[in-house]
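Breakdown of the fold
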Amino acid sequence: MHCGLISAACMTQVMTEKEKMQHEQLYDANNDAALVAERTQAKDLCYDFNSLRPSETEKQAAILEKLLGSKGKNCAIMAPFWCDYGYNIHVGDNFFANHNTVILDGAPVTFGDNVFIAPNCGFYTAGHPVDCERRNAGLEYAYAITVGSNVWIGAAVHVLPGISAVHLFSYTKQRTLPRYINVSSSQSCQSCRLTRCG
């Protein structure tokens, strides 16, 4: 079969599962040995991080250097913390994530400067097909999440695949955020307006 340069079907045939993941296509996350190995390595680092004493800040910082894709100055993450790959997580300066933060980073998860995350928050780039046949076959997708600078994510907020949050002063109760949020950081949590796009 001849494959032209612009043939998406042919490109899909030669892509690895990781490449499909990186291009926001359906991919096999559960049965691909390379992706399973990368997740296992990241979760071993998370386990080591979560097993440290709170006073062992230098060891914590050393693990975060290995785990995260990039981080700015004054990065603090409170244990326990879990992620899928780590290398897709990018945080700016003065980043703080409180206990029980979970980041499923099949796609990039990017945080700007001065971001504060309250306890029990999740950032999930992973999603699954609605039809059970493809879902049961282990296929999923990963869409990037972007959080801008000067953003506070309140307690128990769940951020779903493909969301961009800019200048958000979040509710401090459990929320599932829609696809795009553009809220002035000076507003009180009672007056936040959530705008769904697309």
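Structure shown above.
Residues numbered from 1 in each chain as written. Predicted model: local features only at pLDDT ≥ 70, side-chain atom pairs only at ≥ 80, totals over all residues. Heavy atoms only, no water.

Our focus in this paragraph is the sheet that holds strand E14 (residues 152-153). In space, the four strands of this open sheet follow the order E3-E6-E9-E14, with parallel pairing throughout. Each having just a single partner strand, strand E3 (75-77) and E14 make up the two edges of the open sheet. For strand E9 (residues 116-117) and E14, the ladder comprises two bridges, and the chain directions are parallel. By the bridge assignment for E14, Ile-117 is matched with Ile-153. (Pairing = 2+ DSSP bridges. Helix = DSSP H or I, 4+ residues; strand = E, 2+ residues; numbered from the N terminus.)

Enumeration according to the criterion identifies six salt bridges in this entry. Of the charged contacts in the structure, one is a salt bridge between Lys-18 and Glu-38, with a shortest N-O distance of 2.9 Å. Residue Lys-18 is found in helix H2 (residues 17-22), and its partner Glu-38 is found in helix H3 (residues 33-51); the two are separated by 20 residues along the sequence. Assessed through its relative accessible area of 25%, Lys-18 is described here as partly exposed. When the shortest N-O distance is used, the salt bridge between Glu-56 and Lys-59 registers 3.3 Å. (Salt bridge = Lys/Arg side-chain N within 4 Å of Asp/Glu carboxyl O. Buried < 20%, exposed > 50% of the residue type's maximum accessible area, 1.4 Å probe, protein only.)

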